[in-house]
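Notes for the structure review
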Amino acid sequence: MERGDQRGTVVLISLGVVVLLGTLGSTLLMRSLHERQLGARSAARHQAFFLADGAVDQALLNLRTPADLTDDVTAGALLSGTFQIDTPPQQLGPLQWRVTTRGFSQQEERRMEAIVQLTAQSVFQYALFGDQAVTVSGNATTDSYDSALGPYNDDESSPDYNAGHNGDMGTNATSAGGVSIGGSIFVDGQVIVGSGAADPESVVTGYEPAFVTGGTSPPTDTQDVVSAPVAVPMPPVVVPANLTCDDFTVQGNTTVTLPPGTYCYRNLTIQGNANLTASGQVIIYVIGELTAQGNSVVGVPDDPTKVLFLMSATAEATLEQTIQGNNTFYGGIYGPEATFTIQGNATIYGSVMARRVNVTGSAEIHYDEALTDMTQVSNLYQTALISW
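Small disclaimer: the values here were computed from a predicted structure and weren't measured.

Before going further, it helps to examine the packing of aromatic side chains. Scanning all chains against the criterion turns up nine aromatic pairs. Centre to centre, the rings of phenylalanine 49 and tryptophan 388 are 6.2 Å apart; their planes meet at 45°, and the pair counts as tilted. Note that phenylalanine 49 is positioned in helix H1 (residues 2-62) and tryptophan 388 in the segment after strand E26 (378-387), a separation of 339 residues in sequence. Given the relative accessible area of 59%, tryptophan 388 is considered exposed.

This is the structure:
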């Protein structure tokens, strides 16, 4: 009987141990599952946070062109989840916006709010830019300098050397012929074609690597022709309502000096051997044609930033060479709907931004890097986070 009692006790103890271990195992299993769920939820929350944070970056990209919200990316899906940007963003002031974004991963959602400050960028970012096309049927050269440092000087042995490798030529076109070189052009800079071009070099007909430096010294062929990260916006030119626009001609062998201010002309002609300059900052709207004839000088030689031409509607601008001599232009020209033709042996110190640019002569275009500070006309904005 004693042995039977002992066996019964052992059985009871064994059963108790089994029950205890089963209880502990179940508890540990439940805890493990709970911790796994918590871990998965925590990971999902982190993923949702990163998605909302990434959406803020996308919102910053959208706000580089706040005047055009139609092409903005406002939602997307990634492997870790989806994101959403609340639209439209809330404008707090002329250059300040509030954006709200959301990230979703599994069942988790994170919301983020950011205040964004914009800084206007100058439209004059290229030596030559044709929104739809750039055509070279003559000979030309491009490079750069900074008029804030002094006059253009490409003599490397000179203490006043002032020449750079930012003479970029660009277009928004993405198909063959967007840049057409039937003659020859030496580009001390890059050829930049439209955003999304799968093969940037295919956009440039007549491309010769030896005549593009890629913006480096010594030259390299690895970055001669590149695709822009985003399309270059070309906002329209709107003439202020208070301006009257009449025809104006600067007679040959005369000099006209414009006082600081804003002017509007229907057709502006600078005849041969004439000089149109300014005594301060001048903005000139042209709603018809701009013609600078042979051996004329337009702008302020010491400071091309002083004279900016804004071409509205379908205005055409022509810098032409006649038998009387060369034409020299100092300044920036912006004409989103204009065709700009450079003829003869014209020399430009500044920037030309137009719908189409044609080079039919032996021109020299020296891009003035000081124009990047001229934000009277802006098509892109730099963005900075103030808070989030």
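A word on the nonpolar core. Among the nonpolar cores identified, the biggest contains 54 residues, and Val191, Ile284, Leu290, Phe309, Phe340 and Ile342 are the most heavily contacted of them. For isoleucine 342, the contacting residues outside a window of four places in its chain are Leu128, Leu319, Ile348, Asn358, Val359, Thr360, Gly361, Ala363 and Ile365. Core analysis: the next-biggest nonpolar cluster, separate from the first, contains 20 residues, Phe129, Tyr285, Leu310 and Leu371 among them.

To continue, consider the pattern of salt bridges. If you walk through the whole model with that rule in mind, you get seven salt bridges. For arginine 102, the salt bridge goes to aspartate 86, with nearest N and O atoms at 3.1 Å. Here arginine 102, found in strand E4 (residues 96-105), pairs with aspartate 86, found in the loop between strand E2 (81-85) and strand E3 (90-93); they are 16 residues apart in sequence, far enough to count as distant. The residue arginine 266 makes a salt bridge to aspartate 247 at a minimum N-O spacing of 3.2 Å. Pair noted here: arginine 266 is in strand E16 (residues 261-270) and aspartate 247 is in strand E14 (residues 246-250), with a separation of 19 residues, a long-range link. Judged by its relative accessible area of 38%, arginine 266 is partly exposed. Residues joined by salt bridges that share partners form a network here, namely Asp86, Arg102 and Glu109.

So, about the environment of threonine 216. Along the chain, the position of threonine 216 falls in the loop between strand E12 (204-205) and strand E13 (225-227). Here threonine 216 falls in the partly exposed class, since its relative accessible area comes to 22%. Taking the C-alpha atoms as reference points, threonine 216 and glycine 189, 27 residues apart in sequence, are found 7.2 Å from one another. Those residues within four positions of threonine 216 in sequence are excluded, and the remaining contacts are His165 and Gln223. Only 3.3 Å separates the side chain of threonine 216 from the backbone oxygen of threonine 213, close enough to count as a polar contact.

Summed over the entire model, instances satisfying the criterion amount to one disulfide. Here cysteine 245 connects covalently by a disulfide to cysteine 264, the sulfurs 1.9 Å from one another. Looking along the S-S bond of the cysteine 245-cysteine 264 disulfide, the torsion reads about 95°, which is the right-handed sense. Of this pair, cysteine 245 sits in the loop between E13 and E14 while cysteine 264 sits in strand E16, and the two are 19 residues apart along the sequence. We note that cysteine 245, like cysteine 264, is buried.

This brings us to the environment of serine 157. Relative to the assigned elements, serine 157 resides in the loop between strand E7 (139-145) and strand E8 (169-171). Only 2.6 Å separates the side chain of serine 157 from the side chain of aspartate 155, close enough to count as a polar contact.

Further remarks concern the confidence of the model for the protein chain. Residues at a pLDDT of 70 or more form 90% of the protein chain, whose mean pLDDT is 88. Mean pLDDT across the elements of the protein chain bottoms out in H1 (75) and peaks in strand E15 (residues 255-258) (98).

With that settled, the discussion passes to the side chain of aspartate 368. Relative to the helices and strands, aspartate 368 is located in strand E25 (residues 362-368). Buried within the structure, aspartate 368 lacks any salt-bridge partner; its nearest side chain of opposite charge belongs to lysine 306, at an N-O separation of 11 Å. Reaching out from aspartate 368, the side chain makes a polar contact with the side chain of serine 147 at a distance of 2.7 Å.

Mapped onto the elements of the fold, threonine 100 is located in strand E4. Threonine 100 has contacts with Gln84, Ile85, Asp86, Arg111, Met112 and Glu113, leaving out every residue within four places of it along the chain.

Of the pockets and cavities examined, the largest pocket occupies roughly 660 Å³. What lines the largest pocket is a set of 31 residues, and nearest its centre among them are Arg64, Thr65, Asp68, Pro233 and Asn379. Elements with a contribution of two residues or more to the lining of the largest pocket: H1, strand E18 (282-286) and E26. Looking at which element gives the most residues to the lining of the largest pocket, the answer is E26, with four residues. Here the lining of the largest pocket is composed, by residue class, of 19 nonpolar, eight polar and four charged. Its volume calculated, the second largest pocket comes out at about 230 Å³.

Let us now look at empty space enclosed by the protein. The tally for this structure, following the rule as stated, stands at one cavity of 30 Å³ or more. As a volume, the largest cavity reaches approximately 30 Å³. What lines the largest cavity is simply Leu258, Leu276, Thr277, Ala278, Val282, Ile284, Val298, Gly299, Val307 and Phe309. Of all elements in the fold, only strand E17 (275-278), E18 and strand E21 (307-311) reach the threshold of two or more residues within the lining of the largest cavity.

To continue, consider unusual backbone geometry. Threonine 87 connects to proline 88 through a cis peptide bond whose omega is -10°. Tracing the chain through its elements places proline 88 in the loop between E2 and E3. The step from serine 217 to proline 218 runs through a cis peptide bond, and the omega angle for that step is 5°. Take proline 218: it is sitting in the loop between E12 and E13. Even without glycine at this site, glutamine 106 takes up a positive phi of about 55°. As for its placement among the helices and strands, glutamine 106 is situated in the loop between E4 and strand E5 (108-122). Judged by relative accessible area, which is 67%, glutamine 106 ranks as exposed. Despite not being glycine, asparagine 253 has its phi angle at roughly 65°, a positive value. Relative to the helices and strands, asparagine 253 resides in the loop between E14 and E15.

Conventions and cut-offs
- Per-chain numbering applies: the sequence of each chain, read as written, is numbered from 1 onward.
- Confidence filtering applies because this is a predicted model: local features only for residues at pLDDT of at least 70, side-chain atom pairs given and counted only at 80 or more, and all residues used for totals across whole chains, interfaces and linings.
- Computation of side-chain values: all heavy atoms of the structure, hydrogens and water removed.
- Aromatic pairs are defined between Phe, Tyr and Trp rings, using the six-membered ring for Trp, whenever the two ring centres lie within 6.5 Å; interplanar angles under 30 degrees are classed as stacked, those over 60 as edge-to-face, and all others as tilted.
- Strands here mean DSSP runs of E at least two residues long; helices mean DSSP runs of H or I at least four residues long; both are numbered from the N terminus.
- Using a 1.4 Å probe on the protein chains alone, a residue whose accessible area is under 20% of its type maximum counts as buried, one over 50% counts as exposed, and one in between counts as partly exposed.
- Definition used in this section: a nonpolar core is a set of buried Ala, Val, Leu, Ile, Met, Phe, Trp, Tyr and Cys residues joined via side-chain atoms within 4.5 Å.
- Whether two residues are in contact is decided by their heavy atoms, any of which lying within 4.5 Å being enough.
- Every case where a carboxyl oxygen of Asp or Glu lies within 4 Å of a side-chain nitrogen of Lys or Arg is listed as a salt bridge.
- What qualifies as a polar contact is a pair of N or O atoms within 3.5 Å, subject to a donor-acceptor requirement within protein and to the restriction that residues adjacent in sequence count only when both atoms come from side chains.
- Any pair of cysteine sulfurs within 2.5 Å is marked as a disulfide.
- The pLDDT score gives, residue by residue, the confidence of the prediction method on a 0 to 100 scale.
- When charges are tallied, Lys and Arg are placed among the positive residues and Asp and Glu among the negative ones, while His and the ends of the chain are skipped.
- Buriedness for pockets is judged along seven lines, at least five of which must meet protein on both sides within 12 Å for an open set on the 1 Å grid over protein atoms alone, while cavities are sets there where a 1.4 Å probe fits but cannot get out, and lining residues have an atom within 4 Å of a point.
- Grid points are joined across faces, edges and corners, and a volume is the space filled by probe spheres set on the points.
- Each residue receives one of three labels: charged for Asp, Glu, Lys and Arg, nonpolar for Ala, Val, Leu, Ile, Met, Phe, Trp, Tyr, Cys and Pro, and polar for the others, Gly being one of them.

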